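Listed here are the chains, written in short residue letters.
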Amino acid sequence: QVQLVESGGGLVQAGGSLRLSCAASGFTFSNYAMGWFRQAPGKEREFVARIIWSGDSTYYADSVKGRFTISRDNAKNTVYLQMNSLKPEDTAVYYCAADSSPWGAMTSPIVYEYWGQGTQVTVSS
């Protein structure tokens, strides 16, 4: 049974930091690229960051570049999203997702096979 479980969300002031984690099980984690997406109320789900299977290449949305860092630990079947210099517009539910195409800069949510339940991030001004 495939599971992706996000954690680490919460309420933080603007300029603060949070670290999200996503623990994976039920599939061969190291064979998958992993992504983070977010969805704010009334908006479509949007790409945030992606990391290929080995961790050697990462991709970011322009809105988070230089502030967010995606990383992974294949020994722990976990992907992380370090979020610094948070802004109120970063407020959203954050989801991790797994893509069986382990290479490339896939930013569309439709290519990701597995999804977590999401964790809420709220940034106050």
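The structure we're discussing is the one just above.
Please read all numbers here as calculations on a predicted model, not as lab measurements.

Looking only at helices and strands, one finds zero helices and eleven strands in the protein chain. Written out in order from the N terminus, the α and β elements of the protein chain read β-β-β-β-β-β-β-β-β-β-β. Relative to a compact globule of 125 residues, whose C-alpha radius of gyration would be 14 Å, the protein chain shows 13 Å and is just as compact. Each principal axis of the C-alpha atoms in the protein chain carries an extent, and together these give about 40 × 30 × 25 Å. The proportion of buried residues among the 125 residues of the protein chain is 41%. In the protein chain, the proportion of contacts linking residues at least 24 apart, taken out of those at least 6 apart, comes to 59%. When the accessible surface of the protein chain is summed, it comes to about 6200 Å², and 47% of that surface belongs to carbon and sulfur atoms. Placing the 10 positive and 10 negative side-chain charges of the protein chain at their respective mean positions leaves the two points 4 Å apart.

The next subject is the sheet that holds strand β1 (residues 3-7). With respect to topology, four strands assemble into an open sheet ordered β1-β3-β8-β7, the strand pairing being antiparallel. Looking along the sheet, the strands with just one partner apiece sit at the ends: β1 and β7 (68-73). Averaged over all adjacent pairs, the angle separating strand axes in this sheet is 15 degrees, with direction ignored. In this sheet, strand β8 (residues 78-83) lies alongside β7 in antiparallel orientation, the contact comprising six bridges.

It is worth spelling out the pattern of salt bridges at this point. All told, the structure shown has five salt bridges when counted by the stated rule. Across the pair K65 and D62 runs a salt bridge, and its minimum N-O distance is 3.1 Å. The exposed category is assigned to D62, whose relative accessible area is 67%. A salt bridge links D90 to R67; the shortest N-O distance between them is 2.8 Å. Placement of D90 in the loop between β8 and β9 (92-99) and of R67 in the loop between β6 (58-60) and β7 is noted, with a sequence separation of 23 residues between them. For the pair D90 and R67, one class covers both residues: buried.

Calculation rules
- Residues numbered from 1 in each chain as written.
- Predicted model: local features only at pLDDT ≥ 70, side-chain atom pairs only at ≥ 80, totals over all residues.
- Heavy atoms only, no water.
- Helix = DSSP H or I, 4+ residues; strand = E, 2+ residues; numbered from the N terminus.
- Rg over C-alpha atoms; globule rule 2.2 N^0.38 Å.
- Buried < 20%, exposed > 50% of the residue type's maximum accessible area, 1.4 Å probe, protein only.
- Contact = heavy atoms within 4.5 Å.
- Areas by Shrake-Rupley, 256 points an atom, 1.4 Å probe, with all protein chains shown as cover.
- Lys, Arg positive; Asp, Glu negative; His and termini not counted.
- Charge placed at Lys NZ, Arg CZ, Asp CG, Glu CD.
- Pairing = 2+ DSSP bridges.
- Axes fitted to C-alpha atoms, helices over the stretch in contact; angles between N-to-C directions.
- Salt bridge = Lys/Arg side-chain N within 4 Å of Asp/Glu carboxyl O.

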